[in-house]
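Chain and residue survey
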Amino acid sequence: MSKILFKINGRQYEADGTYSPDVSLNEFIRNVANLRGTKSMCHEGGCGACVVAVQAALPPDNEAKTFAVNSCLVSVLSCHGWEVTTVEGVGNRTMGYHDIQNRLAQFNGTQCGYCTPGWIMNMYSLYTSKNGKLMSSEVENSFAGNICRCTGYRPIADAFKSFAVDADERLLSKVNDIEDLALLSKCRVKCNATRWKENNIESDSEWCIVNKTSNNTLTLGDNVFKWFKVYNLSEVFKIISQNVDYKFIAGNTGQGVYHVTEYPPIIIDIFNVVDLKGYTLDINLIVGAGTTLTDMMELFTRISVENEDFSYLSEFVKHLDLVAHVPVRNIGTIAGNLFLKYTNNDFPSDLFLLFETIDAMITIGSGVNNRQTMSFSEFLTINMTGKIIINIMLPPLPRLCKIKTYKIMARSQNTHAIVNAGFLFKFKPNQNILEKVNIVYGNISPSFIHATETEKILIDKDPFTEETLQLALKSLDAEIAPEDAPPEPSAKYRKQLALALYYKAILSLCPESKVNPKYVSGGNVIKRNISQGTQTFDTDESVWPLNKPIPKLEALVQCSGEATFANDLPAEIGEVFAAFVTADVLPGSIISGFDATAALELPGVQAFYTAKDIPGSNTFAPLDFPLVTEVEEILCNEKVAFHGQPAGIIVASREKLAIAAARLVKINYEFISVKNPVLTVHDAIKSSEASDRVKTSMVVDPTDIGNDVKSKINDQVYFDSQYHYYMEPQTCVVKPTEDGLDVYASAQWMDLINVAIAGCLNVPVNSVSVIVRRVGGAYGGKISRASQIACAAALVSYLQGRTCRLILPIEKNMSISGNRSPTYCNFEVGVNAEGEIQYLKNKYYQDLGCSINDSFTSITVNHFPSCYNSSRWHIESYNVITDKSSMTWCRAPATTEGIATTEYIMERIAFEIKKDAIDVRLQNMKKEDNPIPELIDYTKKISDYDTRLKAVVDYNKNNRWRKRAIKLLPMTYDLFYLSPFNAIVSVYHRDGTVSITHGATEMGQGVNTKVAQVAAYALGIPLEDISVKPSSSVTSPNCMATGGSVGSECVSYATLKACEIIKERLEEVKKKMDNPTWKELVKQAYQSGVYLQASYQFTTNGPIKPYDIFGVVVLEVEVDILTGNHEILRVDLLEDTGRSLSPSIDVGQIEGAFVMGLGYWTSEKLIYDQTTGKLLTDRTWTYKPPGIKDVPADFRIYFRRNSTNESGVLQSKATGEPALCMAVVITHALREAVRAARLDAGYEDQWVQLDIPCTTENIFMAVEHKIEHYKLK
C-alpha cells in the first residue's frame, strides 16, 4: 500500500490506509501533529477558524503556488506533496513573531482570539502568494470566509490593509512601533539541506518546495475503503470501469453545502489529474473541468482584456467573486461545483447559471477517447455513472451581445444566492432589435432554468421600450413559479425579485437617451468602497498604565495560536469523545427506551449512556442556586421538551466517530405527539394551553397621567431571536485526577458547573475543579447552557475513568444551547400635539423556550425607560413557554429589547403627528440628571447631521431605485452589578513580579488586560511585571457568572482592593528604608515575614453602585430598492465610557457590540419547521451573521469627553453591551428609506410595517413593488 507524504511546518508526516476518508487535515493537524493553534468550529468551511496555508506544485505546469485552504474540508489523504503551514509555523515565541501577527496584535484585531489564527493564515497566504504586492481593496475583499463575532472587523481590516501598497497614511502612522513593512524571511528556521534532499525536497531562494512528484497512482485503504490518488484520465477510467459505487474528490469543498455522512468504498482523488487542468483558446475558450475557481477567475480576467470576443468574462469575474470565498475557490473546481448542481438540482450554482447564460457547452468523458459535448441543461439529465466532466467550452460573443448577471444574497459575501440571474441579449446588426435572448434564473425551483416563454416573446423586439418591458415582466410573472423551500426566503419574494432583476438588467443596458436619469442607478448593484474608521478618545498620561490605550495582554499569543482554549489540551492516550444522541421528534413525545446496537457495533465506539446511568441528579440547573427556578435535565428521561433534546451520550475514540455513531442510536417512544409545536408567542397565546404557557411576570403602574391627548396610536412590534455565534463551540474536557475531576470548560460561570457536576455525580463539590483559561466568545450563551455540556462530559469521564472531550457540532450547538429570547409588544399610546406621552399601555411578552430559568422579563421592564420620563407608563410583562430549546442570556439581554421597543414607540409617535423624531424624543426626555439632550446636540455637530440630512433628501429626489436615510438614536443604559467576584494578587519576593487570578472569565472583553492595568497602577510597577493566570473554582469558588458587562469592573475593583491590602502591609517596611525600589521593598518585606499575597471579594454591598451609561448614534444607510440589499454608509457613535480603564479595549467592545446588533436587526434569522419544531437555520450555510464587508463603510467611534463616573471603578464605565442597544437605529433608517421608495411609487404616506429582522426579503417586500412601477421614463 502507498502512503501520503506531506509536511507541516517543515516536518514530514505520512498517512496511510489506517486514516479513513473523513479524517480531515484539521483533525490531523490538531490530534496527530498536536498543533492546536489551528481551530475548528463549523466543519463546513463557513467560519474560517481552520484556515492554513499550503504550498504545492500543481498541474498543469507544476508551478509551486501558495494558497489558503479550509483544513476542515480537506481530507488528509488529499495532501500528498503539500507543504502545510499552520499559525505556529508562521511565528511564535521561540522563532519570533511574524509582522502579520505583530500588526494584528498592535491594531487590537483580536479579542477572544479563537478566530484569530484563521485570519492570520488567510492573510499570510494572500500576502505570500502576491509577493507582498497587495491593494487595500484586494485585502478587504479576501476575507469573506472569516467570521469574527467579537471585534466588528474594523481593526482587523485596518491591520491587514496597512500591508497594502496603497495603504492609507492614517494606518501607516499606527505602524511606528512595528518593524518595517517587509515580512520576516519566508523560512525563519533554515532548512537542513541533507534532511530535505532525503525527502525529495529541495530549497530555492524563497521556499522549501516539493519538485519531484511521482505521477504513479497512489492506492490506500483497507477492507472498508480504497482511496486512489490519480494523475491521468486513463487511470480514472480504469478504476471506475471496475467499480460502481465510487466518489470523485478534488477540493472536497462541496462538504460545506451537502455534508458527506458516509463515504462509498471507492474514493478517487482527481485534484492532480493533468488532463483536467489548463485551457486552450481557438474559436472557443476550453477550460479544464479540474481548474480551480481561483485559477479560472485569473484566466477570465486576463482573457477578457486580451481578447475582445471574450470581454464578457470581466462580468463573470465580478459575479464569481461572490461565489464562496478565497480558501474554497483555491481548491474548489469547476467540475465539483457543476456536479453539486447535477446531484442536487436545487443547488443555486452560479457557475451553471453563468455558463448556461452564454450557451456554453460541457464535455463529458466515458473513456479516454470517448467524449460527448452537450449543453448544460442536457448535462443535468444524463446518467453520469462511469463518466467524468472533462472541460467546459465558452463561446466568443460579438459586440452585438450584451450580458448582465446578478447574485442577490443575504449579506455582502459568502452566502448562496437568494436568486441569481443571467441575461444575454443578442441584437441584430445596427439596431436595438433582439435576435436571441437567454434569461436564466437560479434558486427558483429544482427544475427551473430558462424563462423560455419570455425568451420567445422578446425575439424581434426592442427591449428598451415601455411596451416591451411590460410585456416581458408580465410574461415572467406568469412563467416563474418558485417553490417554497424553507429556510430559503419565500417563494413570493423570490418571484418578485426575479422580475426586479430583469428590470435591473434592462436599466443597466439601456441607452442613456431611453431612460430617465433618476432610474439609472437602479441598474447597478451596491458596490462597497474601502472601509475606514476613526476612534476619538482622551487619555490621561498622569494615571498610566491606567487609561492607556494598549493591546490586549494575550494579543500576540492569540495571533500565534499559542493561546490555549478548552479543547487545546494535548491529546492523551486512551481519551474518549462524547456526542449527544438527540430526540428528533415532536415535543411532548414520551421516550420508552433505546437501541444502541448498531452504534456499538462500530469499531471504536465504546459506550452508550442514558439518564439512568447518572449517579446523582439528572439536572445541569440545580435548584436552590442563583438564577435557577426549575430543574433542566442533562438527558431527557421521558417527555421530550423540544425537537433535538439530548437524550443519550455515545462514547467513541474519535470525535467524528462519536457523532456518526450517535445518529445510529434508535430511540423508542411510548407515545409520539401529533400536535403542531408551539413555536412563537402568538402560538402560545392562541393555544389551548395558554394559561399554563403564558404567565404574568411583572406589572408597573404609572404614577402620573396626562390629560392633553390629541392622538392615539395602537401598534405591535415583534423582535425575533438571535444565535450567539461564538466561534468556540460549547466545549468541555474532563480529566480524572487522584481526588476527583479537573474540568476544562468553555464557560462563563464556574460555580454553576462546579455545583451541577457534583450534584449529577453525587460527589463532594471540592472534588471537582473547574478551570477556565479563556473562552472563545460567549455573549451570554455560556452562562447557564455550558453546564449541560460540562455535566455530560464529566459523567463520561467519571464512568469511564478516562479523559473525555465533548464538543458540540454547530447543528447541535444551535439547536440545543439556546438563543436570544424573541419579544412581542402590544401597546397603546396617547400623546399631545407635540408628541409628549400622556399615557402608555404596553403589554410585553418574552419567549423563554421550554424553560423559565433564564427569564429576564422583569429586567426588561426596568430598561424600557432608557432616557425618557416613564411616570405615565403602564407596563405588563409576561413569560411565555414554547416548544423550543430554552432561550438564554444573549449580549445586552433585556436592554436591547427594552430600548428597541421604546425607540419604536418614539418613531411611531413622530410619524403619526408629523414631527421630527428627534424633537419627539426631546419632548419625552427625563428632565433631571440627563445629559442626553446635550449629547444629541454634540453628536449632530460632529457627525454633520443637518448637512447630511439635506444631502440625503437631494439624493432621494434624484434616484428612484436607490434610497438613503439618516437617523439618530439616543440611549441610557441602566447598569447594575452582580456578585460575588474575587481576585488574588501574589507578589514574588525574588524579582517583585506579580501574578493575579480572579473569578471572572476572559472571553475577549479584555478583563485580564484591565486587571493588569489596575494592578500596575495601584502598585506603581511596570505592566510587564504582571501576569494574569487562569481562573479556577479552587482559587475563585462561589463566584458569579461573568456577564452584563460588569465582570471586568468587579474583578478590577477586587484587584485594586487586594493591591491596597498588600501596599498597606508594605508600608511599615517601606518607612524603615531609604526610598527603595519596588524590588528592594518586596525582598525586604519577604525577609521581614510580610505576607505577599492578598485577596478581596467584590460584593454589591460595597461602595460601587449602579450607574447609567449614555450614548447617541447617527447612522446613514443606502438601500437598493430593487433587491432589498443595503449598505451602511457611515456610523457616528458616541458613548459615555467614563474614564476608560483601557481605551483600545473599550473601542473594540463598542465596535463589536454594535456590529453584533446590526446582525440581529438585519441578516440573522432563525427559522423553525412549523410542523416538527426542528431548527432549520442551524449551520453557516443558512445562518448569516455580518461579515467584513457588512460593517459600516465609515465607522467613527467617540468617547464622551471629560467624562467621569464616581459610582464606578476608578471612574470607568462598562462598554461590553450598551452599543448593541443602539444598533436598532438601522431599523429606523431602513424604514425611512423604504418609505421614500413607497412615496415615489405613489403610495399614501403610511407607517411602513417593516418586519424584523430587516432581511433583504423584508426590506424588498415592504416596498410592495408592482410591475407597472417598473418604467424607463
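Residues numbered from 1 in each chain as written. Predicted model: local features only at pLDDT ≥ 70, side-chain atom pairs only at ≥ 80, totals over all residues. Heavy atoms only, no water.

**A look at the overall build of the protein**
Within the protein, the regular secondary structure consists of 38 helices and 43 strands. Computed over the C-alpha atoms, the radius of gyration of the protein is 31 Å, within 12% of the 33 Å expected from 2.2 N^0.38 for a compact globule of 1273 residues. Along the first, second and third principal axes, the C-alpha atoms of the protein reach 95 × 85 × 70 Å. The buried share of the protein, reckoned over its 1273 residues, is 64%. Counted over contacts in the protein with a minimum sequence separation of 6, partners at least 24 positions apart contribute 76%. By element, 48% of the accessible surface of the protein is carried by carbon and sulfur atoms, the whole surface being about 45100 Å². (Helix = DSSP H or I, 4+ residues; strand = E, 2+ residues; numbered from the N terminus. Rg over C-alpha atoms; globule rule 2.2 N^0.38 Å. Buried < 20%, exposed > 50% of the residue type's maximum accessible area, 1.4 Å probe, protein only. Contact = heavy atoms within 4.5 Å. Areas by Shrake-Rupley, 256 points an atom, 1.4 Å probe, with all protein chains shown as cover.)

**Some points on the pattern of salt bridges**
Following the criterion strictly, the structure yields 71 salt bridges and no others. In the salt-bridge network here, residues are joined through shared partners; they are Glu 140, Arg 154, Asp 158, Lys 161, Asp 168, Arg 170 and Glu 1151. (Salt bridge = Lys/Arg side-chain N within 4 Å of Asp/Glu carboxyl O.)

**Topic: unusual backbone geometry**
Note that the residue after Trp 544, namely Pro 545, is joined by a cis bond; omega there is 10°. For the bond from Ile 1252 to Pro 1253, the omega torsion is 5°, close enough to zero to count as cis. Looking at the secondary structure, you find Pro 1253 in the loop between helix 37 (1225–1240) and helix 38 (1256–1263). Positive phi values are uncommon outside glycine, yet Asp 929 reaches one of about 50°. With respect to the helices, strands and loops of the structure, Asp 929 is situated in the loop between helix 29 (917–923) and helix 30 (932–942). With a relative accessible area of 77%, Asp 929 lands in the exposed category.

**Some remarks on helix 21 (residues 655–664)**
Every buried residue of helix 21 is listed here: Leu 657, Ala 658, Ala 661 and Ala 662. On an axial view of helix 21, the arc spanned by its buried residues comes to 135°, and they lie on one face. Looking at the buried residues of helix 21, the elements they touch are strand 21 (576–583), helix 20 (597–600), strand 23 (605–610) and strand 24 (645–652). (Arc of directions from axis to C-beta.)

**Some remarks on the packing of helix 3 (residues 99–106) against helix 6 (residues 154–161)**
At a closest axis distance of 9 Å, the pairing of helix 3 and helix 6 adopts a crossing angle of 140°. The angle between the axes of helix 3 and helix 6 places the two elements in the oblique class. Two packed elements cross with a definite hand, and for helix 3 against helix 6 that hand is right-handed. Contact residues: helix 3 offers Ile 100, Arg 103 and Leu 104, while helix 6 offers Ile 156, Ala 159 and Phe 160. Residues that form the contact of helix 3 with helix 6 fall into these classes: five nonpolar, no polar and one charged. (Axes fitted to C-alpha atoms, helices over the stretch in contact; angles between N-to-C directions. Parallel < 35°, antiparallel > 145°, perpendicular 65-115°, else oblique. Left-handed = near helix turned anticlockwise from the far one by under 90°. Nonpolar A, V, L, I, M, F, W, Y, C, P; charged D, E, K, R; others polar.)

**Some remarks on the packing of aromatic side chains**
Under the definition given, this model contains 50 aromatic pairs. Geometrically, the ring pair formed by Tyr 312 and Phe 316 is edge-to-face, given 5.4 Å between the ring centres and 75° between the ring planes. Of the aromatic side chains, those joined through ring pairs into one cluster are Phe 423, Phe 425, Tyr 441, Phe 448 and Tyr 502. If you follow Arg 103 out to its NZ or CZ, it ends over the ring of Phe 163, 4.0 Å from the centre. Positioned above the aromatic ring of Tyr 1160 is the side chain of Arg 820, whose terminal nitrogen or guanidinium carbon lies 4.8 Å from the ring centre. (Phe/Tyr/Trp six-rings, centres within 6.5 Å; stacked < 30°, edge-to-face > 60°. Lys NZ or Arg CZ within 6 Å of the ring centre and 35° of its normal.)

**Describing the side chain of Gln 558**
Positionally, Gln 558 belongs in helix 19 (residues 555–559). A distance of 3.2 Å separates a polar side-chain atom of Gln 558 from the backbone oxygen of Cys 112. Those residues in contact with Gln 558, other than ones at most four positions away along the chain, are Thr 110, Gln 111, Cys 112, Gly 113, Thr 116, Pro 117, Lys 552, Ala 563 and Arg 774. (Polar contact = N/O pair within 3.5 Å; in protein donor to acceptor, adjacent residues only side chain to side chain.)

**Comments concerning helix 14 (residues 350–357)**
Across the eight residues of helix 14, eight count as buried, placing the element largely inside the fold. Every buried residue of helix 14 is accounted for by Asp 350, Leu 351, Phe 352, Leu 353, Leu 354, Phe 355, Glu 356 and Thr 357. Between a side-chain oxygen at the N-terminus of helix 14 and the backbone nitrogen of Leu 351 the separation is 3.4 Å; the capping residue is Ser 349. Asp 359 occupies a position one or two residues after helix 14 and carries a positive phi of about 60°.

**Describing the side chain of Glu 1118**
By secondary structure assignment, the location of Glu 1118 is in strand 41 (residues 1107–1120). Since its relative accessible area comes to 6%, Glu 1118 is described here as buried. Here Arg 964 takes part through its side chain, which lies 2.8 Å from a polar atom of the side chain of Glu 1118. Contacts of Glu 1118, omitting those with residues within four sequence positions, involve Ile 526, Tyr 955, Arg 962, Lys 963, Arg 964, Asn 1125, His 1126, Glu 1127 and Leu 1129.

**Here's the deal with the nonpolar core**
Within the largest apolar cluster, 246 residues are counted, with the highest numbers of intra-cluster contacts made by Met 123, Phe 160, Phe 423, Tyr 441, Tyr 502, Leu 1115 and Phe 1154. Of all the elements, helix 18 (residues 491–509) adds the most residues to this core, at eleven residues. Core analysis: the second largest hydrophobic core is formed by 50 residues, Phe 28, Phe 225, Ile 268 and Ile 390 among them. (Core = buried A, V, L, I, M, F, W, Y, C linked by side-chain atoms within 4.5 Å.)

**Focus on the confidence of the model for the protein**
Summing up the model confidence of the protein, the mean pLDDT is 95 and the portion of residues at 70 or higher is 97%. Considering only residues more than four positions removed or in separate chains, one finds that residues 179–211, a stretch of pLDDT under 50, has 68 contacts. (pLDDT = per-residue confidence, 0-100.)

**Examining the pairing of strand 11 (residues 266–269)**
Both faces of strand 11 are covered, namely the face carrying Ile 266 and Ile 268 and the face carrying Ile 267 and Asp 269. Here strand 9 (residues 226–229) runs beside strand 11; their pairing, made up of four bridges, is parallel. Bridged to Trp 227 within strand 11 is Ile 267. (Pairing = 2+ DSSP bridges.)

**Quick look at the sheet that holds strand 18 (residues 419–427)**
The three strands lie next to each other as 17-18-19, forming an open sheet whose pairing is antiparallel. On the outer flanks of this sheet lie strand 17 (401–408) and strand 19 (434–442), each paired with one strand and no other. Strand-to-strand twist of the sheet, defined as the mean angle between neighbouring strand axes without regard to direction, takes the value 5°. When strand 17 meets strand 18, the two strands line up antiparallel, connected through eight bridges. When the sheet's bridge partners are listed, Ile 403 is paired in strand 18 with Leu 424. Packed on one face of the sheet, helix 18 meets strand 17, strand 18 and strand 19 and runs near 140° to strand 17.

**A short note on the pairing of strand 29 (residues 740–745)**
Note: strand 28 (residues 731–737) against strand 29, six bridges, orientation antiparallel. Bridging across to strand 29, Lys 735 finds its partner in Asp 742. Hairpin geometry of strand 28 and strand 29 is characterised by an intervening segment of two residues between the two adjacent antiparallel strands. Pairing between strand 29 and strand 30 (residues 768–772): four bridges, direction parallel. Bridge assignment links Leu 741 to a residue of strand 30, and that residue is Val 768. After leaving strand 29, the chain enters helix 24 (residues 750–761) and then returns to the sheet as strand 30, a path that is right-handed. (Right-handed = clockwise from strand over helix to strand, strands pointing away.)

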